[in-house]
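# Observations on chain architecture
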Amino acid sequence: PPPSPPSASPNAPSAAPKKKKNRKLSTPRTGNLPDIHWRAIPMSHLRSHPNFQPLPPPSMISRLPSREHVRHFRQDSWQWDYLHIGRCTTSQTPAALGFLEPKAAGYLGIPRSLRRGGVGAWDRLQQVPE
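Conventions used here
- Just so you know, the residues in each chain are numbered from 1, in the order the chain's sequence is written.
- Residues qualify for local features only when their pLDDT is at least 70, as the model is predicted, and side-chain atom pairs are given and counted only at 80 or more; totals for whole chains, interfaces and linings, by contrast, use all residues.
- The side-chain values count all of the structure's non-hydrogen atoms but skip hydrogen atoms and water molecules.
- The helix and strand labels rest on DSSP assignments: H or I over at least four residues marks a helix, E over at least two residues marks a strand, and numbering proceeds from the N terminus.
- Exposed residues in this analysis have more than 50% of their type's maximum accessible area, buried residues have under 20%, and partly exposed residues fall in between, with area computed by a 1.4 Å probe over protein chains only.
- By definition in these notes, contact holds between two residues if any of their heavy atoms fall within 4.5 Å.
- Per-residue and other accessible areas were derived by the Shrake-Rupley procedure at a 1.4 Å probe size, with only the shown protein chains allowed to occlude residues.
- Any pair of nitrogen or oxygen atoms within 3.5 Å is treated as a polar contact; in protein, a donor-acceptor pairing is required on top of that, and neighbouring residues in sequence qualify only through side-chain atoms on both sides.

### Remarks on the overall build of the chain
Looking only at helices and strands, the chain features five helices and zero strands. Scanning the chain from its N terminus toward the C terminus, one meets helices and strands in the order α-α-α-α-α. Expressed as a percentage of the 130 residues in the chain, the buried residues total 12%. A sequence separation of at least 24 residues applies to 31% of the contacts in the chain between residues at least 6 apart. Put simply, the chain shows about 12,600 Å² of open surface, and 58% of that area lies on carbon and sulfur atoms.

So this is what it looks like as structure tokens:
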């Protein structure tokens, strides 16, 4: 009689290898250090877009024909900072109205990472231009 096949051991590899899922190593979504580059579009990509219209450097703006022309100042300029002193801008409005206070934010479903009191908005509104 022909020899019987060896019994399958629980540690023996199976005949057909299992396909491994090609997963990317994911980074944790929580932690102490923010990932400031997550989902950030590089400026070089923005500048290469056909609809991109760059703002002039602040040194090239010699006069403002009307109030509407202040929109030409870049956010990284001292002029932009000066124009926002003591103003309630759209970025400060939710905090100034109390929407980011813990109870209101919970009711509105605002993520915990965005919940903060209105002290920052209050401090900004108290600033006086020099």
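Read on, since the account is not over.
### Quick word on the side chain of glutamine 79
With respect to the helices and strands, the residue glutamine 79 is situated in helix H2 (residues 78-83). Judged by its relative accessible area of 13%, glutamine 79 falls in the buried class. With sequence-adjacent residues up to four places away left out, glutamine 79 is seen in contact with Pro58 and Phe73.

### Quick word on the side chain of threonine 89
If you trace the backbone, threonine 89 turns up in the loop between H2 and helix H3 (93-96). Taking relative accessible area as the criterion, threonine 89 reaches 17% and is therefore assigned buried. For threonine 89, the side chain forms a polar contact with the side chain of serine 91, separated by 3.1 Å. With near-sequence residues (within four places) excluded, threonine 89 lies in contact with His84 and Arg124.

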